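# Notes for the structure review
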Amino acid sequence: MALEDKVETGTLGWITVIGSVILLLVILAVETIFAIADRSMTQRRVLDNPNTEIREYKAAQAASISGYAKDGDNVRIPIERAMELVVEEHKPK
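First things first, this report covers the structure right here in the doc.

The next subject is the pattern of salt bridges. Throughout the structure, instances matching the rule amount to two salt bridges. Between Asp 71 and Arg 76 there is a salt bridge; the shortest N-O distance is 3.2 Å. Taking the relative accessible area as the measure of exposure, Asp 71 reaches 44% and is therefore partly exposed. Between Arg 81 and Glu 84 there is a salt bridge whose closest N-O contact spans 3.3 Å. Here Arg 81 pairs with Glu 84, and both are found in helix α3 (residues 79-89), just three residues apart, close to one helical turn. Judged by its relative accessible area of 42%, Glu 84 is partly exposed.

Together, Trp 14, Val 17, Ile 18, Val 21, Ile 22, Leu 24, Leu 25, Val 26, Leu 28, Val 30 and Phe 34 give the surface a local cluster of nonpolar side chains, amounting to about 1,100 Å² of exposed area. For Val 21, a relative accessible area of 44% corresponds to the partly exposed category.

Right, let's get into the environment of Ile 33. With respect to the helices and strands, Ile 33 occurs in helix α1 (residues 9-47). Accessibility expressed as a relative area gives 56% for Ile 33, which makes it exposed. Taking C-alpha positions, Ile 33 is 20 Å from Ser 20, a pair spaced 13 residues apart along the chain.

Conventions we followed
Residues numbered from 1 in each chain as written. Predicted model: local features only at pLDDT ≥ 70, side-chain atom pairs only at ≥ 80, totals over all residues. Heavy atoms only, no water. Salt bridge = Lys/Arg side-chain N within 4 Å of Asp/Glu carboxyl O. Buried < 20%, exposed > 50% of the residue type's maximum accessible area, 1.4 Å probe, protein only. Helix = DSSP H or I, 4+ residues; strand = E, 2+ residues; numbered from the N terminus. Patch = residues over 30% accessible without salt bridge, like charges linked within 9 Å, V, L, I, M, F, W, Y side chains within 5 Å. Areas by Shrake-Rupley, 256 points an atom, 1.4 Å probe, with all protein chains shown as cover.

Structure below.
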């Protein structure tokens, strides 16, 4: 006497659906964890430690707008003084 294999398709279907949902949730959770880790790593590497070239560039720019200089036909004056001159120039008389 042979035993019959009875496959319960309803149960198998539910196991497949539940397994698929669990797998999807695990994938989304892992993706979220990696995205958060990537953002915090970027924050630490880039934003918290600005490049020395950027610092030097910003310092040079700040120096160029805060002092007097003459380059050929061009004359530079501090930005505060330039703003004062523009305001005086546009005052109603």
